[in-house]
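Examination of the molecular architecture
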Amino acid sequence: MAIFKGRSFILFPNNEVSSINIFENLIKNNGGKIIEYEHDITNASPDINYGYSHIIGLVNDSYLTLNNNKYEIYENNLLLNEMDLNKRKLWEFVKKNNITLVNISSVSFWLKVKKILINQDNIITITKDPGLHLEEISTSDSCNQSTSECETDIGDIINELVKCNSGSSKNLNSNLNNADNVGEVSSSGTLHGLKNEVIPQYNNEIEEDNKSISASSLARNTNGNELLIKTLDKLSKIHTIRGDEFRSRGYKLAKISVSKYPHKIKSAKEAQEKIPHIGASIAKKIETLLKTGKLPGLEIASKLESRKEYFSSCYGIGPVTAENWDSLQINSLNEALKRFPKIFQHDWSILFGWKYYEDWNKKIPRSECVKHMQIIKEELKLLDDSIECEIQGSFRRNRALCGDIDILFYKKECDDISDLYVVLEMLAIKLYKKKYIKCFLQLSKNINLVFDNEIQTTLQKAGISNNEFRSISLTNRPKLFLGAKLSTTIPEFDTSLYTINPEIDVKLHSEDKYMSSSVQANSVSHALEEYPCRRIDFFICKWSEIGASKLHYTGSGEFNREVRKIAISKGMKLTQHGLYQNDILLESFNEKRIFDLLDIPFIEPPDRQELKF
DNA sequence: TAGACACCGCATTATA
DNA sequence: TATAATGCGT
DNA sequence: GTCTA
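An unreviewed UniProt entry annotates chain A as DNA polymerase of Henningerozyma blattae. Turning to chain A, the UniProt annotation filed under Catalytic activity (unreviewed entry) states: "DNA(n) + a 2'-deoxyribonucleoside 5'-triphosphate = DNA(n+1) + diphosphate". Regarding chain A, the relevant UniProt record gives this comment under Subcellular location (unreviewed entry): "Nucleus".

Dropping the structure here:
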């Protein structure tokens, strides 16, 4: 079919991205023309009667903003820097002649409905970016005009952006950068969780520790690529929030590779040739980074994502829901609640994600993990002292700070999961009655019995009616997710470990505070008077699968993915249940043997951080 | 240049 | 009503 | 986003 016959298209901001290539081909294959240069327009001279109406401008969706359900494109550096000289001229042409602009994804829609549909819903208006100051752009003087205009208007915003960049203000990005850079405790003898009761103290020397580790392990380079590493990290985070998992991963892998590269990068060409996971696109970004010292549009891009980031920092909210709310101009959880009470009524666990939003975005000092473990172990002993438990996750990897606490339960020679689950459920209910466990995130019949009241009061607090049909799982699951809080009566409560850190802390918007658990502890920022609530995951594993299970729950996620990729390349499959070949179990009990069978050296948990092979 | 990029569990929603 | 797909979490 | 077959 040739639905684009007689039509010409200009792609903005450029044609170089591979995803744009797809659209280019779609257009050509369906009879359309692509305008690349100015002379393409004059060659295909306009119809006397219709002017340039056969020309349509297509804009890469990621440069668009949705304002009152209308698409807008900000004419800023982010956009203009992506255009080469030819494109800039075409851009001027589009503006001068009021050429229609639509988002490029319309192309696939048109093909689906078999006609070109242009209406107020997909037409794009060009606006000056309210949050950005335009630098002079060397090649075009028409852009310079807008520069001066903008600079005078938005001086305040510029100042704020500058502040954000220097990292001194509490912007959302600061927590992004901190994500996995927590210190590593260097006590090589105490690798395996609680078996050794030697507990490294979390103190001010963590920074020191971190440094010494870096120097010795050769993993990080500290000679000049920090800006690039930071930039790649930000790009990765931005695409995670956008829900583009694979592009995010591309940047993440590039970041890790650059971290390992032992020299200062002198040119984009050098980077692309010598460093894995750096291709044409990142090389181009390196070039501008080397030339100008910054990547235009990055701050703006992360600003555009800030609402989504706010939402997806809440337990139960992922990229899709965040995108939905963001595109509807929803600014707070409260607004979302007002518009979609049913979502909160049904997915009631989001309410607890909201309630503990600030707490669950805090890191847990190692020493506190140990205290949690003591409480749980004590209670478990009373119920069934043949069941053992161990902390996995970042704790087993010896991090000084952990995001959550993953506890693995197992029983010698026991492969019956439901047997263990029954005890685990009892344990959880006892701990709930003792007010240690504060909330559950899924229900079983018995947990619902004790916890339903709390759900109802929380629904009430949110101002929505009760949903009498809460789904209750009947099967005995291998996992239990919950939130728990230490009581301050526990000895050695050290407030110095829990001082509020505005640099890192993720804060609820003021209009969302009323649902927060910490709302009564007034808003003045001083040292905490009690422990924050923590995310704790209980996992059960079969005795025969203990090796694979520990490997899985120890992580890191990045490490798991890499090892599993190696398994795939050798025609095997690695999961939490074991290492398989053609669905035949090779090994699941012995952690070390899994490494052997994969023909890779055993790696101690503290070293299971990033790319290793 | 298309397809892979780790894998599985649970709850919910879409589809046949 | 059974099965597939989606969303979120690990 | 990059890598690979």
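Let us now look at the overall build of chain A. Scanning chain A for helices and strands turns up 27 helices and 17 strands. Among the 613 residues that make up chain A, the fraction classed as buried is 47%. Residue pairs at least 24 apart in sequence account for 70% of intrachain contacts in chain A once pairs closer than 6 positions are excluded. Split by element, the accessible area of chain A, about 30500 Å² in all, is 51% carbon and sulfur.

Summing up the model confidence of chain A, the mean pLDDT is 79 and the portion of residues at 70 or higher is 77%. Contacts from residues 131–220, a stretch scored under 50 in pLDDT, to residues over four places away or in other chains number 128 contacts. Under a pLDDT of 50 for its full length, residues 522–527 has, in the predicted model, four contacts with residues more than four places off or in other chains.

Here we take up the protein's contact with DNA strand C. Taken together, 14 residues surround DNA strand C, and among them Gly-316, Gly-318, Val-320, Thr-321 and Arg-535 come closest. Among the atoms of DNA strand C lying within 4 Å of the protein, the sugar-phosphate backbone contributes 95%. Gly-316 places a polar main-chain atom, nitrogen or oxygen, 2.3 Å from a phosphate oxygen of DNA strand C. Note that a phosphate oxygen of DNA strand C is positioned 2.8 Å from one of the side-chain N or O atoms of Arg-535. Secondary structure elements with two or more residues in the surface near DNA strand C: helix 16 (319–327), strand 13 (479–484) and strand 14 (534–540). Residue composition of the surface near DNA strand C, grouped by class: seven nonpolar, three polar and four charged.

In this section: the sheet that holds strand 16 (residues 578–581). Strand order in the open sheet made by the three strands is 15-16-17, with antiparallel pairing throughout. With one partner strand each, in any of the chains shown, strand 15 (573–575) and strand 17 (584–587) form the two edges of the open sheet. Each strand of the sheet is rotated relative to its neighbour by a mean of 35°, with strand direction disregarded. Sheet topology note: the strand 15/strand 16 ladder contains three bridges and is antiparallel. Counterpart to Lys-573 in the pairing with strand 16 is Tyr-580.

If you trace the five strands from one edge of the open sheet to the other, you get 9-11-14-13-12, paired in mixed fashion. Looking at strand neighbours, the two that pair on one side only are strand 9 (387–391) and strand 12 (437–440), the edges of this open sheet. When the angles between neighbouring strand axes are averaged without regard to direction, this sheet yields 30°. When strand 13 meets strand 14, the two strands line up antiparallel, connected through six bridges.

Here the structure, examined in full by the defined rule, presents 25 salt bridges. A salt bridge links Asp-233 to Lys-237, with the nearest nitrogen and oxygen atoms 3.4 Å apart. In this pair, Asp-233 and Lys-237 both sit in helix 10 (residues 226–241), four residues apart, roughly one turn of the helix. Relative accessible area serves as the criterion here: at 11%, Asp-233 is assigned to the buried category. With a closest N to O distance of 2.7 Å, Glu-558 and Arg-249 form a salt bridge.

Here we take up the packing of helix 10 against helix 13 (residues 280–292). One can describe the packing of helix 10 onto helix 13 by two numbers: an axis separation of 11 Å at closest approach and a directional angle of 130°. Relative to helix 13, the element helix 10 is oriented oblique. Note on packing geometry: the crossing formed by helix 10 with helix 13 is right-handed. Packed against helix 10, whose contacting residues are Leu-227, Leu-228, Thr-231, Leu-232 and Leu-235, the element helix 13 presents Ile-282, Lys-285, Ile-286 and Leu-289 at the interface. The class makeup of the residues in the contact of helix 10 with helix 13 is seven nonpolar, one polar and one charged.

Let us look at the packing of helix 10 against helix 11 (residues 245–260). The interhelical angle for the contact between helix 10 and helix 11, taken along N-to-C directions, is 160°, at an axis separation of 8 Å. If you check the angle between helix 10 and helix 11, you find them roughly antiparallel. Our pair here, helix 10 against helix 11, has a crossing hand that is left-handed. Contacts from Leu-228, Ile-229, Leu-232, Asp-233, Leu-235, Ser-236, His-239 and Thr-240 of helix 10 reach helix 11 at Arg-247, Ser-248, Tyr-251, Lys-252, Ala-254, Lys-255, Val-258 and Ser-259. In terms of residue class, the contact of helix 10 with helix 11 is made up of seven nonpolar, five polar and four charged.

Right, let's talk about the state of the cysteines for a bit. In protein structure, a disulfide is the covalent linkage between the sulfur atoms of two cysteines. In this structure the tally under the stated criterion is zero disulfides. Cysteine Cys-402 is unpaired, with the sulfur of Cys-369 as its nearest cysteine sulfur at 4.0 Å.

The rules behind each value
- Residues numbered from 1 in each chain as written.
- Chains lettered and ligands numbered in written order.
- Predicted model: local features only at pLDDT ≥ 70, side-chain atom pairs only at ≥ 80, totals over all residues.
- Heavy atoms only, no water.
- UniProt positions renumbered as here; feature names shortened; annotations may be inferred.
- Helix = DSSP H or I, 4+ residues; strand = E, 2+ residues; numbered from the N terminus.
- Buried < 20%, exposed > 50% of the residue type's maximum accessible area, 1.4 Å probe, protein only.
- Contact = heavy atoms within 4.5 Å.
- Areas by Shrake-Rupley, 256 points an atom, 1.4 Å probe, with all protein chains shown as cover.
- pLDDT = per-residue confidence, 0-100.
- Near = heavy atom within 4 Å.
- Polar contact = N/O pair within 3.5 Å; in protein donor to acceptor, adjacent residues only side chain to side chain.
- Nonpolar A, V, L, I, M, F, W, Y, C, P; charged D, E, K, R; others polar.
- Pairing = 2+ DSSP bridges.
- Axes fitted to C-alpha atoms, helices over the stretch in contact; angles between N-to-C directions.
- Salt bridge = Lys/Arg side-chain N within 4 Å of Asp/Glu carboxyl O.
- Parallel < 35°, antiparallel > 145°, perpendicular 65-115°, else oblique.
- Left-handed = near helix turned anticlockwise from the far one by under 90°.
- Disulfide = S-S within 2.5 Å.

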